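# A look at the structure
Below are the chains, spelled out letter by letter.
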Amino acid sequence: MFDVQTRLRMKETSKILLCSTLIVACVFPVARTTAAPVADDFLMLWYSQPAQKWTEALPVGNGRVGAMVFGGVSQDRLQLNEDTLWAGGPYDPVNPEAKDALPQVRQLINEGNYREASRLVRAKVLSKPISQMPYQTVGDLLLTFPGATNAENYRRDLNLDTATATVSYTSEGVRYIREVFANAPDNVIVVHLTADRPGKISLIAAMRTPMKATVETDGKETLVMRGVGGDSAGIKGQLKYQARVKLMAKGGKTTAEPERISITNASEVTLLIAAATSYKAFDDVSGDAESIVKKLMASATKKSFAKLRDTQLKDYQGLFHRVTLDLGKSDAMKLPTDERIKHFDDGNDPQLAALYYQFARYLLISCSRPGGQPANLQGLWNESKNPPWGGKYTININTEMNYWPAESGNLAECVEPLIGMVNDLTVTGARTAKEMYGARGWVVHHNTDLWRASGPIDLTDSGMWPSGGAWLCLHLWDRYEYSGDKKYLKEIYPVLKGACEFFLDTLQEEPKHKWLVTNPSLSPENGHPGGSAIAAGPTMDMQILRDLFANTIQASETLGVDKDFQKRLAETRARLAPNQIGSAGQLQEWLEDWDMQAGDLHHRHVSHLYGLFPGHDITLRGTPELAAAVKKSLEIRGDKATGWATAWRICLWTHLDDGDHAFEILKLLLSPERTYPNMFDAHPPFQIDGNFGGAAGIAEMLMQSRVGEIELLPALPKAWPSGTVKGLRARGGFEVDVTWQAGKLASARIKSIQAGKKTVRVRYGGVTESIELNSGSEVTLNSELHSAMN
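Not measured: the values here are computed from a predicted model. (Residues numbered from 1 in each chain as written. Predicted model: local features only at pLDDT ≥ 70, side-chain atom pairs only at ≥ 80, totals over all residues. Heavy atoms only, no water.)

### Remarks on the overall build of the protein chain
This is how the line gets drawn: Working definition: helices are DSSP H or I runs of at least four residues, strands are E runs of at least two. Numbering for both runs from the N terminus. Here the globule rule is a power law, 2.2 Å times the number of residues to the power 0.38, and the radius of gyration is based on C-alpha atoms. Areas reported here follow the Shrake-Rupley algorithm with a probe of radius 1.4 Å; residue values treat only the protein chains shown as occluding.
Across its full length, the protein chain carries 18 helices and 33 strands. Taken over the C-alpha trace, the protein chain has a radius of gyration of 27 Å; the compact-globule value for 790 residues is 28 Å, and the two agree within 12%. The C-alpha extent of the protein chain, read off along each of the three principal axes, is 80 × 65 × 50 Å. For the protein chain, the accessible area works out to roughly 27300 Å², and carbon and sulfur atoms hold 50% of it.

Put into structure tokens, the structure is as follows:
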């Protein structure tokens, strides 16, 4: 057994033909080709050269383990992740001085002494430690191919239809193909190497990692990495992890050395990769990583490659095939994906927008599955011990945005990890509510991690925001609105009620209007003229609480429970500070009309516009004056922002029914400035939320829904004159197909998938048709919304 870092220092005497650890991939020159794409390029990301950077590599994942595939010729790198490998261990971050300090903080805010309030929060309220734990990497699997020479007809691609990353090229007259996919039912990553002539595959497999770990061989076919999660902010790493790679060759010779395995002259090679940690729950790290990985490997090795492929396809395509999207084709599809991104602004590549939408669905399927962790800031993929912002769950927009396309994109199962995390947070959040605020219920601030930390962290101007848990509750409610499942509603009702109880105990009466407001709080990460971000009653908080209270009242009524609680919620809701229109005609971000005096008029966050999307406080037809104020705020903020903030702006403009403006912002998002060559979103750096927010915006252009109403083509841009989308889900339990031609509705199919008789209003172009459907029945509508039952 060798320590990994020692091994790397010994590389000068090693016989392994590896590149320096500072080089991402070692490749011989690759002849670029401009060959026409293959038949299924409609759902394909493809490139004519290997990845030189992490943001050029292609992601695969099964919701628990993932890999970034670089596709080098003489050496390929698969960077590996396991979704529970985080630094630290269970901890309680509540500052013991916070509870006694909060009354003084509130008084200072009421007096307008925001700077002093901020200083006091920083000194006595923020968590200890002040930062949370980062998501970490397993390490790399390196496959070196001795004797590789100049490659011709090279192609690297990611097929979204089969969830497979493929590298193919010709060398010395031999055609080589490498396929990589992640199998969720068997919880392994599969690598398959073939050549069109027998006995032509030779490779050396090794592993490396920046983590504290060792690598050794176990028998002649298996590499084993054993490591521990890192220490962070004074919290000792408590997780043990293990990754195993099993190499199975047909023909040739397999040789194991202490830390590498060599295969020579094989005709076919299959590698299985499994990884696990000792994580069992946010408060339990007693799992046996080795036992888990050995069982996974033992089970997977009993199956042929064909069987593993078949199992993976049935599982993945059962989710992915639910929605199809055709926005039109053009000659731009003949270009590699990185070239298409460079030219999307030209406006002649509608299919790239469809590919972007389906890529987001692929990513969500790949990084968020039942039983696993939710998609974090980087989804599942991370090459660092300490990625940007820790790769955590930032819940003042980013984690929520990760799930915006899930329900409408017919991927309800992918929301389950988020619901599971919220259930965990009711436990740690109850502790924070009691110890920090002296309140009932539960609370989470603007970030959490694997250990479900729930206190305010990082900086006063970002961390002192108590509404993260309340916003997460909107996703639980969305799941109910889409499913209509009363058993599920009964399960989440205590979560909703607990979130409400916290605010019933902590809302403060502001002195001027006697409104009930949050205090202390802030409008996420945006400073005001008082020299701080700390404030009372920011608009976003009030909008979130109106949604939370309304949804909880409705849940209580539906379940026939807690009538007195309903009444108190309704009375409290009526006293919340209202939306206000400021002197510039904008929707005010704060209680005071500070917007035009704020330090950054073009701030990336548009938190006060939550009420239009994803919230339900403001609608174009229901509250037209407020919608106009939202539009003015958007005009003041501007269209250009970071990746995820650009995506939010797309969604907001779709709910103002301005598809052409939304499309112009989509062009900003799908540009090299905000989209990396592998189509990952660029904040920059990489954050996956922009991928999901952009996909949600595309879906919202084509169909929007509230319970009892479906709106068809509400924000269709002129850039997509004809197209078809099939399989979108609408609130109330409906599945929707839409076809349009020459910019107008051609037909639509509405199918009821909930039990019982349902009535829904379908709106298009100012015309509304009410239809009744029984469970399983459907109706086809023509361009005038005339219907015929099927």
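The structure having been displayed, the exposition proceeds.
### Brief notes about the pattern of salt bridges
Threshold: Should a side-chain nitrogen of Lys or Arg be within 4 Å of a carboxyl oxygen of Asp or Glu, the pair is scored as a salt bridge. Partly exposed residues are those whose accessible area sits between 20% and 50% of the maximum for their type, while under 20% is buried and over 50% is exposed, using a 1.4 Å probe and protein chains only.
Applying the stated criterion across every chain yields a total of 46 salt bridges. Close ionic contact of R178 with D76 constitutes a salt bridge, the shortest N to O distance being 3.0 Å. Highlighted residues: R178 in strand β9 (residues 174-183) and D76 in strand β5 (residues 75-82), separated in sequence by 102 residues. As far as burial versus exposure is concerned, R178 and D76 are alike and both buried. Among the salt bridges present, the one from D140 reaches R77, with a minimum N-O distance of 3.0 Å. With a gap of 63 residues between them, D140 in strand β6 (residues 139-144) and R77 in strand β5 connect regions that are remote in the sequence.

### A look at the layout of surface pockets
In plain terms, the rule: Think of a 1 Å grid over just the protein atoms. A cavity is a set of points where a 1.4 Å probe fits yet cannot get out, a pocket is an open set with protein on both sides within 12 Å along at least five of seven lines, and lining residues have an atom within 4 Å of a point. Grid points are joined across faces, edges and corners, and a volume is the space filled by probe spheres set on the points.
The computed volume of the largest pocket comes to approximately 510 Å³. Forming the walls of the largest pocket are 29 residues, and the residues nearest its centre are H655, Q704, S705, R706 and R731. Those elements giving two or more residues to the lining of the largest pocket turn out to be α11 (468-483), β25 (703-706) and β26 (709-712). Looking at which element gives the most residues to the lining of the largest pocket, the answer is α11, with four residues.

### Describing the packing of helix α17 (residues 659-669) against helix α18 (residues 689-702)
Let me state the cut-off plainly: To get an axis, fit a line to the C-alpha atoms, keeping to the stretch in contact for a helix; angles then go from 0 to 180 degrees between the N-to-C directions. For this classification, under 35 degrees means roughly parallel, over 145 means roughly antiparallel, 65 to 115 means roughly perpendicular, and everything else is oblique. In this scheme the handedness of a crossing depends on how the near helix is turned from the far one: anticlockwise by less than a right angle means left-handed, clockwise means right-handed. Contacts between residues were defined by any pair of non-hydrogen atoms, one from each residue, lying within 4.5 Å. Any residue that is not Ala, Val, Leu, Ile, Met, Phe, Trp, Tyr, Cys, Pro, Asp, Glu, Lys or Arg is counted as polar, Gly included; the first ten are nonpolar and the last four charged.
Two elements in contact, α17 and α18, have axes whose closest approach is 11 Å; the angle formed by their N-to-C orientations is 155°. As judged from the angle between their axes, α17 and α18 are roughly antiparallel. Handedness of the crossing formed by α17 with α18: left-handed. Here A662, F663, L666 and L669 of α17 lie close against α18, whose contacting residues are G690, G694, I698 and M701. Class assignment of the residues belonging to the contact of α17 with α18 gives a composition of six nonpolar, two polar and no charged.

### Examining empty space enclosed by the protein
Applying the stated criterion to the full structure yields seven cavities of 30 Å³ or more. Empty space within the largest cavity amounts to approximately 70 Å³. Taken together, Q586, D595, M596, L601, H608, S633, I636 and R637 make up the lining of the largest cavity. In terms of residue class, the lining of the largest cavity is made up of three nonpolar, three polar and two charged.

### Structural notes on the nonpolar core
Test applied: As used here, the term nonpolar core means buried Ala, Val, Leu, Ile, Met, Phe, Trp, Tyr and Cys residues forming a set that is joined through side-chain atoms within 4.5 Å.
Of all hydrophobic cores here, the largest spans 241 residues; its most connected members are L141, W648, L712 and W720. For this core, the leading source of residues is helix α7 (residues 350-367), giving 13 residues. Excluding its chain neighbours within four sequence positions, the residues that come into contact with L712 are L702, M703, V736, V738, L745, A748, V762, R763, Y764 and L785. Within the second largest apolar cluster, 12 residues are counted, among which are F181, V190, V293 and L296.

### Quick look at the sheet that holds β25
Quick note on the threshold: Between any two strands, at least two bridges found by DSSP are needed for them to pair.
Spatial ordering of the open sheet is given by β25-β26-β30-β31, a layout of four strands whose pairing is mixed. At either end of the open sheet lies a strand with only one pairing partner, and these are β25 and β31 (767-773). The sheet shows a mean angle of 20° between the axes of neighbouring strands, taken without regard to direction. Bridging between β26 and strand β30 (residues 758-764) involves three bridges; their strand directions are parallel. The residue bridging I710 from the neighbouring strand is V762, located in β30. Contacts from α18 reach β25 and β26 within the one sheet, and its direction differs from that of β25 by about 85°.

### Topic: the side chain of T572
Here T572 is to be found in helix α14 (residues 563-574). Relative accessible area serves as the criterion here: at 9%, T572 is assigned to the buried category. Every residue in contact with T572, bar those within four places of it in the chain, is listed here: L504, L507, L516 and F549.

### Some words on the packing of aromatic side chains
Stated formally: Each Phe, Tyr or Trp ring, with Trp reduced to its six-membered ring, pairs with another whose centre is within 6.5 Å; inter-plane angles below 30 degrees give stacked pairs, above 60 give edge-to-face pairs, and intermediate values give tilted ones.
The full count for this structure, using the stated rule, is 25 aromatic pairs. On the basis of an interplanar angle of 20° and a centroid distance of 6.4 Å, the ring pair of Y154 and Y169 is categorised as stacked. A residue pair is termed long-range when its members are at least 10 positions apart, and Y154 in strand β7 (residues 152-159) and Y169 in strand β8 (residues 164-171) qualify at 15 residues. A relative accessible area of 0% places Y154 in the buried class. When the centroid spacing of 5.9 Å and the interplanar angle of 55° are considered together, the rings of W590 and W594 count as tilted. No difference in accessibility class separates W590 from W594, as the two residues are buried.

### A word on the packing of helix α9 (residues 416-437) against α11
The contact between α9 and α11 brings their axes to 10 Å, and the two run at 130°. Judged by the angle between their axes, α9 and α11 are oblique. Here α9 runs over α11; the crossing is left-handed. Facing L418, I419, V422 and L425 of α9, the residues of α11 in contact are L472, H475, L476 and R479. The residue inventory of the contact of α9 with α11, partitioned by class, reads six nonpolar, one polar and one charged.

### Structural notes on the state of the cysteines
Convention followed: Any pair of cysteine sulfurs within 2.5 Å is marked as a disulfide.
On inspection of all chains with the given rule, the structure shows zero disulfides. Here C367 is not disulfide-linked; the sulfur of C414 is the nearest cysteine sulfur, at 8.0 Å.

### Examining the environment of L335
Position of L335 relative to the elements: it lies in the loop between β18 (324-326) and α6 (337-343). Judged by relative accessible area, L335 falls into the partly exposed class, the value being 35%. As a C-alpha pair, L335 and M542 span 207 residues in sequence and 48 Å in three-dimensional space. Not counting chain neighbours up to four residues away, the residues in contact with L335 comprise W46 and R340.

### Quick word on the sheet that holds strand β4 (residues 65-69)
Sheet architecture is open: seven strands sit in the order β3-β4-β5-β6-β11-β16-β15, paired in antiparallel fashion. Each edge of the open sheet carries a strand with a single partner, namely β3 (58-61) and β15 (253-257). Strand-to-strand twist in this sheet, taken as the mean axis angle between neighbours without regard to direction, amounts to 20°.

### Thoughts on unusual backbone geometry
That bond from N519 to P520 is cis: its omega, 5°, falls within 30 degrees of zero. Looking at where P520 falls in the secondary structure, it is placed in the loop between β22 (516-517) and β23 (521-522). Put simply, H683 and P684 share a cis peptide bond, and its omega is -15°. Here P684 shows up in the loop between α17 and α18. Phi at E172 takes a positive value of approximately 55°, unusual for a residue other than glycine. Within the element layout of this structure, E172 appears in the loop between β8 and β9.

### Overview of the pairing of β30
Within a regular strand, side chains alternate between the sheet's two faces. Pairing of β30 with β31 involves seven bridges; the strand directions are antiparallel. Directly across from R761, in β31, lies its bridge partner S770. Hairpin connection of β30 to β31: two residues between the antiparallel strands, including G765 at a positive phi of 55°.

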